[in-house]
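Observations on chain architecture
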Amino acid sequence: MPPHMSRLFIAFLMAGTCSCARLPSHPVAAVQALPLTRLEVRLPSPSLSRAVRVERARATGLRFDVMPEGARVFVDGRAMGFARQLGALVTLAPGVHQVSVQAEGHATWRAEVMVGDRPEPIQVTLTASP
């Protein structure tokens, strides 16, 4: 906050806390009329600031690369959508998941996939059924 704004803010705070304090009608005049008291700001010690560590939650799940793109993807029995519409990552909780990919006129692909703490790439090319 710029220094002149902090003085104005302090002036308004002081006017609201004491019934005998009166501010002139113009806010700049109020800042000049009131004596400025010393304001001390203490920052945490460097050792404390190093102790705090913020980690971002990593997205886990599956990244699909499926041919044909019109194939439907199922995870744990739930339809996730068409392969071309899934985007970059299907977020899933870590653990074992049942995955299947189906397209009309093609053999169905099924697998158990272990999802860890990082996204797992899945490449599937369906073969045409006889």
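Residues numbered from 1 in each chain as written. Predicted model: local features only at pLDDT ≥ 70, side-chain atom pairs only at ≥ 80, totals over all residues. Heavy atoms only, no water.

**Digging into the packing of aromatic side chains**
- This structure, assessed with the given rule, holds zero aromatic pairs.
- The ring centre of phenylalanine 82 lies 5.4 Å from the NZ or CZ of arginine 72, which sits over that ring.
- Above the plane of the ring of phenylalanine 82 lies arginine 84, whose end atom (NZ or CZ) is 5.7 Å from the centre. (Phe/Tyr/Trp six-rings, centres within 6.5 Å; stacked < 30°, edge-to-face > 60°. Lys NZ or Arg CZ within 6 Å of the ring centre and 35° of its normal.)

**Points about the nonpolar core**
- If you look at the biggest cluster of nonpolar residues, it comprises 18 residues, and the most contacted ones within it are Leu62, Phe64, Val66, Val73 and Val101.
- Within the residue set of this core, elements represented by two or more residues are β1 (61–67), β2 (72–75), β5 (95–102), β6 (109–115) and β7 (120–125).
- At three residues, β1 tops the list of elements feeding residues into this core.
- If we skip the residues at most four places from it in the chain, leucine 62 touches Ala88, Leu89, Val90, Leu92, Val99, Val113, Val115, Glu120 and Ile122. (Core = buried A, V, L, I, M, F, W, Y, C linked by side-chain atoms within 4.5 Å. Buried < 20%, exposed > 50% of the residue type's maximum accessible area, 1.4 Å probe, protein only. Helix = DSSP H or I, 4+ residues; strand = E, 2+ residues; numbered from the N terminus. Contact = heavy atoms within 4.5 Å.)

**Some thoughts on the pairing of β1**
- Where β1 and strand β4 (residues 90–91) come together, two bridges link them in antiparallel fashion. By the bridge assignment for β4, leucine 62 is matched with valine 90.
- Summarising the sheet, β1 and β7 pair through six bridges and their orientation is parallel. Residue pairing in the sheet places methionine 67 in a bridge with threonine 125 of β7. (Pairing = 2+ DSSP bridges.)

**Regarding the confidence of the model for the protein**
- Confidence along the protein averages 75 in pLDDT terms, with 57% of residues attaining 70 or more.
- At the level of individual helices and strands, the protein shows its lowest average pLDDT in helix α2 (residues 27–33), which scores 51, and its highest in β5, which scores 94. (pLDDT = per-residue confidence, 0-100.)

**Remarks on the sheet that holds β5**
- Taken together, the four strands give an open sheet; going across it, the order is β3-β2-β5-β6, and neighbouring strands pair in antiparallel fashion. Each edge of the open sheet carries a strand with a single partner, namely β3 (78–82) and β6. Neighbour to neighbour, the strand axes of the sheet diverge by 25° on average, direction disregarded.
- Summarising the sheet, β5 and β6 pair through seven bridges and their orientation is antiparallel. Within β6, the residue paired with valine 99 across the bridge is alanine 111. (Axes fitted to C-alpha atoms, helices over the stretch in contact; angles between N-to-C directions.)

**Comments concerning the sheet that holds β4**
- The strand order across the open sheet built from three strands is β4-β1-β7, with neighbouring strands paired in mixed fashion. Either end of the sheet is taken by a strand with one partner, and the two such strands are β4 and β7.

**Concerning unusual backbone geometry**
- With an omega dihedral of 0°, the bond running from methionine 67 to proline 68 counts as a cis peptide bond.
- Position of proline 68 among the secondary structure elements: in the loop between β1 and β2.
- The phi angle at aspartate 76 is positive, at roughly 55°, despite the residue not being glycine.
- Checked against the element boundaries, aspartate 76 lands in the loop between β2 and β3.
- The class for aspartate 76 is partly exposed, based on a relative accessible area of 40%.

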